[in-house]
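Chains, contacts and geometry: an overview
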Amino acid sequence: MGAGLMYLADPRSGRRRRAVAQDKARHVVHETGDAAGVVVRDLAHRSRGYVFETLSRMRREEVDDRTIEARIRSALGRVCSHPHSIQLVVEQGRVQLSGVVLKPEHPRIISRLMRVRGVLDVTDNLQVFKHSDKHPELQGGAIRLGDRPEFLQHNWSPAARFVAGLGGASLLTWGIRGGGLGGMASVFLGSLLTLRSITNIELKRLTGIGGGRLAIEIHKNITVHAPVKEVFGFWRAMENFPRFMSHVEEVRTSGEDRSHWRVRGPAGTVFEWDAIVTRLIPYQVLAWKSVESSTVENAGIIHFESCNNSRSTRLDIRMSYNPPAGALGHAFARLLGADPKKQMDDDLMRLKSLVETGKATGHETVSREQLSPSTPERSGPRPVH
């Protein structure tokens, strides 16, 4: 309490701090009210939908074939990756199916169509194929897993987050009061459930277990006043990264595609991994990713666009990484003052200064030729590995 009073009542900065605290408190109140309104509306709409769905199943209805066909097409979009490869004929509620489907989707398609309201019978004349290699109508798209329960989806609805938050808070309270091994397990599960509901991030991304490279994603844009050839050459020479990335201590390249990274983490920790270039189109695209079993799995892709009559270059940068302990580790790093998103903003400003003026920190001065020693003309377009 004394520290708080000293912070807010300081003669020099207390007035500004109090104003900032009031603004933040007001913002939290508004955000809480908006979130409560969203949850109430979502619960009301879902409840109304469940009631009407139940009532419609309890009474017999006469449905024309055109309506049944529309319902079937809607259902196919949930369980079939290529719904247009299926032809159907509806006659008095009886459905005849023809066309081609993938073997993993076939059982779900038949099961789902049998549950469509108004369908009396399904005649299956579909041709089932294990692979789509020789069938153009089955190529492209991802296999559909069908309707997934609410709590198994990637993004939870406001109602699901509210219910999960209540459940997590209840487990936390019971675990703290109960104690013992059961109480510890309840606290652990309650904490995960509460964090999952608050952040709306999958548990594997939240904890970093099985999250791959997509636990944390960063997207930035910046315009550098230099020709695209020079900017691309600078990025292609990955040895330049420690010049403007404050947390990168060293990048050693071996060959055209492979590099070894040494990065300083929060609290003095050091991480090392190898990365490979996965896509390279000179002056247009540069992408890389860490090799398998790296300490910090990561990936990045940069698109280069010439603008301002070729005098400037616009960079579209997307990076993703999976820190130790996933999003929780990312949050903990922020508490220690190591916010990767803010670091990237600062790094990009140093990059801009370095390429445009040859100075990144006010001390180092280099020429443009020193910044882009690589020769991207030797490398043609490469596919993603």
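Read on for an overview of the structure. Remember, predicted model here, so these are calculated numbers, not experimental data.

Here the focus is the layout of surface pockets. One simple way to see leftover space: roll a probe sized like a water molecule over the atoms. Its boundaries defined by the atoms lining it, the second largest pocket holds a volume of some 370 Å³. Along the wall of the second largest pocket there are 11 residues; nearest its centre are Glu53, Arg57, Arg78, Arg112 and Arg117. The set of elements that each furnish at least two residues to the lining of the second largest pocket consists of helix 2 (14-58) and helix 3 (65-79). Per-element tally for the lining of the second largest pocket: the top contributor is helix 3, with 4 residues. Considered class by class, the residues forming the lining of the second largest pocket number 2 nonpolar, 1 polar and 8 charged.

Here the focus is the sheet that holds strand 1 (residues 86-91). In any sheet, the strands associate via hydrogen bonds between backbone groups, in a parallel or an antiparallel arrangement. Within the open sheet, the 3 strands sit side by side as 1-2-3. Their pairing is mixed. Only two strands of the sheet have a single partner each, and these edge strands are strand 1 and strand 3 (121-129). Taking the axes of each pair of neighbouring strands and ignoring which way they run, one obtains an average angle of 10 degrees across the sheet. Sheet topology places strand 2 (residues 94-102) next to strand 3; 9 bridges connect them, and they run parallel. Bridged to Ser98 within strand 3 is Asn125. Sitting on the sheet, helix 3 is in contact with strand 1 and strand 2, with an inclination near 150 degrees to strand 1.

Here we come to the pattern of salt bridges. Summed over the entire model, instances satisfying the criterion amount to 11 salt bridges. The closest approach of N and O atoms between Asp23 and Arg26, which form a salt bridge, is 3.1 Å. Of this pair, Asp23 and Arg26 both sit in helix 2, 3 residues apart, which is roughly one turn of that helix. A salt bridge links Arg264 to Glu249, with the shortest nitrogen-to-oxygen separation between them at 3.4 Å.

Following both chains from N to C, one finds helix 3 and helix 4 (residues 106-114) inclined at 145 degrees, their axes separated by 10 Å at the closest point. With respect to the hand of their crossing, helix 3 and helix 4 are arranged in right-handed fashion. Two secondary-structure elements touch here, helix 3 through Ile72, Ala75, Leu76 and Val79 and helix 4 through Arg108, Ile109, Arg112 and Leu113. For the contact of helix 3 with helix 4, the per-class residue count stands at 6 nonpolar, no polar and 2 charged.

Attention now goes to the pairing of strand 10 (residues 312-322). Of all 11 residues making up strand 10, 9 are buried, and the element is well covered by its neighbours. Two strands pair when backbone bridges link them, and strand 4 (residues 216-224) and strand 10 are joined in this way by 9 bridges, in the antiparallel orientation. Bridging across to strand 10, Ile222 finds its partner in Leu315. Pairing of strand 9 (residues 297-307) with strand 10 involves 11 bridges; the strand directions are antiparallel. Of the residues in strand 10, the one forming a bridge with Glu297 is Asn322. If you look at the hairpin formed by strand 9 and strand 10, you'll find 4 residues sitting between the two strands, and Asn308 has a positive phi there, around 55 degrees.

Inspection of every chain in the model, using the stated rule, returns 10 aromatic pairs. Three or more aromatic residues joined by ring pairs make a cluster, and in this case those are Phe234, Trp235, Phe241, Phe244, Trp261, Trp273 and Trp288. Above the face of the Tyr7 ring, Arg17 is positioned so that its terminal group lies 4.3 Å from the ring centre. The positively charged end of Arg196 is found above the aromatic ring belonging to Trp156, 4.1 Å away from the centroid.

Attention now moves to the sheet that holds strand 7 (residues 270-281). What the 7 strands build is an open sheet, ordered 4-10-9-8-7-6-5; its pairing is antiparallel. Looking at which strands have only one partner, the edges of the open sheet turn out to be strand 4 and strand 5 (248-254). Taken over all neighbouring pairs, the strand axes of this sheet differ in orientation by 20 degrees on average, direction set aside. As judged from the 6 bridges shared by strand 5 and strand 6 (residues 258-264), these two strands associate in the antiparallel manner. The residue of strand 6 that forms the bridge with Arg252 is His260. The strands touched by helix 8 (residues 228-236) are strand 4, strand 7, strand 8 (285-290), strand 9 and strand 10; relative to strand 9, the strand with the most contacts, the crossing angle is about 165 degrees.

Thresholds applied
Residues numbered from 1 in each chain as written. Predicted model: local features only at pLDDT ≥ 70, side-chain atom pairs only at ≥ 80, totals over all residues. Heavy atoms only, no water. 1 Å grid on protein atoms, 1.4 Å probe; cavity = no way out; pocket = protein on both sides within 12 Å on 5 of 7 lines; lining within 4 Å. Points joined across faces, edges and corners; volume = space filled by probe spheres on them. Helix = DSSP H or I, 4+ residues; strand = E, 2+ residues; numbered from the N terminus. Nonpolar A, V, L, I, M, F, W, Y, C, P; charged D, E, K, R; others polar. Pairing = 2+ DSSP bridges. Axes fitted to C-alpha atoms, helices over the stretch in contact; angles between N-to-C directions. Contact = heavy atoms within 4.5 Å. Salt bridge = Lys/Arg side-chain N within 4 Å of Asp/Glu carboxyl O. Left-handed = near helix turned anticlockwise from the far one by under 90°. Buried < 20%, exposed > 50% of the residue type's maximum accessible area, 1.4 Å probe, protein only. Phe/Tyr/Trp six-rings, centres within 6.5 Å; stacked < 30°, edge-to-face > 60°. Lys NZ or Arg CZ within 6 Å of the ring centre and 35° of its normal.

Read these as layout, nothing more, since geometry by itself doesn't imply function.
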